[in-house]
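Architecture and fold: a report
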Amino acid sequence: MTRTLAASLLLSLSLTTAAAAADYIGEPAPHAVYDIGACGNASVLGFITRRFDYKAANYLHANLAIAEIRDMGQNRFEPRDYTHLVEREYCYATAVMTDGERRPLWYLIERPWGFAGVGRSIEFCVGGLDPWYVYGAHCASLR
């Protein structure tokens, strides 16, 4: 009796596991969803757009600009505590360029920053437009 009960229990567990696994076929892998935080802040996005215009003209020597930033999100948040004096938000978005191409945009917001810990620092990288790998291959250090 015990042997039969154990076999039926094992069979039912394997069927439910297979059914649950089948639900994920064809769907993107589940990932953690974070609050967008400061990643969608208009002043942050405006800073990135203006700064990219300067960098494109002076470093890339390209007639290229960010036309739109969309699909913003936060992929990591490191809060400020007694061992980490700076709060960090790692963000991602899609940058639609003036040439019509969509490129991944990775950016980091650090605060408090600046003189006497007032203000913030914003670092960003547009995928494929970092020829000197300042942020690593494929903007790896900002991911």
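Small disclaimer: the values here were computed from a predicted structure and weren't measured.

How each quantity is defined
- Residues numbered from 1 in each chain as written.
- Predicted model: local features only at pLDDT ≥ 70, side-chain atom pairs only at ≥ 80, totals over all residues.
- Heavy atoms only, no water.
- Helix = DSSP H or I, 4+ residues; strand = E, 2+ residues; numbered from the N terminus.
- Pairing = 2+ DSSP bridges.
- Axes fitted to C-alpha atoms, helices over the stretch in contact; angles between N-to-C directions.
- Disulfide = S-S within 2.5 Å.
- Buried < 20%, exposed > 50% of the residue type's maximum accessible area, 1.4 Å probe, protein only.
- pLDDT = per-residue confidence, 0-100.
- Contact = heavy atoms within 4.5 Å.
- Phe/Tyr/Trp six-rings, centres within 6.5 Å; stacked < 30°, edge-to-face > 60°.

Tracing the backbone shows isoleucine 48 in helix H2 (residues 42-60). Sequence separation between isoleucine 48 and isoleucine 66 is 18 residues, and the spatial gap between their C-alpha atoms is 8.8 Å.

Turning our attention to the sheet that holds strand S3 (residues 102-111). Reading across the sheet, the 4 strands line up as S1-S2-S3-S4 and stay open at both edges, with antiparallel pairing between neighbours. The sheet is open, and its two edges are formed by strand S1 (66-78) and strand S4 (121-126), each paired on a single side. Taken over all neighbouring pairs, the strand axes of this sheet differ in orientation by 20° on average, direction set aside. Bridge count between S1 and strand S2 (residues 87-97): 9 bridges; the pairing is antiparallel. What sits directly across from isoleucine 69, in S2, is alanine 95.

All told, the structure shown has 2 disulfides when counted by the stated rule. Shown here is the disulfide that connects cysteine 39 with cysteine 91, its sulfur atoms set 1.9 Å apart. Its torsion about the S-S bond being -65°, the disulfide of cysteine 39 and cysteine 91 is classed as left-handed. Note that cysteine 39 is positioned in the loop between helix H1 (2-23) and H2 and cysteine 91 in strand S2, a separation of 52 residues in sequence. Residues cysteine 39 and cysteine 91 agree in their burial class; the two are buried. Note on cysteine connectivity: cysteine 125 is disulfide-linked to cysteine 139, with sulfurs 2.0 Å apart. An S-S torsion of about -60° defines the bridge between cysteine 125 and cysteine 139 as left-handed. Of this pair, cysteine 125 sits in strand S4 while cysteine 139 is found in the segment after S4, placing the two residues 14 residues apart along the sequence.

Our focus in this paragraph is the environment of asparagine 75. The topology assignment puts asparagine 75 in strand S1. Owing to a relative accessible area of 25%, asparagine 75 belongs among the partly exposed residues under this scheme. Separated by 16 residues in the primary sequence, asparagine 75 and cysteine 91 have C-alpha atoms spaced 5.7 Å apart.

For the rest of this paragraph, the subject is the confidence of the model for the protein chain. Summing up the model confidence of the protein chain, the mean pLDDT is 80 and the portion of residues at 70 or higher is 73%. Across the protein chain, the element-wise mean pLDDT spans from 45 in H1 up to 96 in S2. Note on residues 1-7: pLDDT is under 50 here. Beyond four places in sequence and across chains, it has 0 contacts. The model gives residues 9-31 a pLDDT under 50, and that stretch makes 1 contact with residues more than four places away or in other chains.

In this section: the packing of aromatic side chains. Going through the model one piece at a time under the given rule, you end up with 2 aromatic pairs. Aromatic side chains tyrosine 54 and tyrosine 59 sit 6.1 Å apart centroid to centroid with 80° between the ring planes, which places their arrangement in the edge-to-face category. Accessibility expressed as a relative area gives 40% for tyrosine 54, which makes it partly exposed. Given the relative accessible area of 43%, tyrosine 59 is considered partly exposed.

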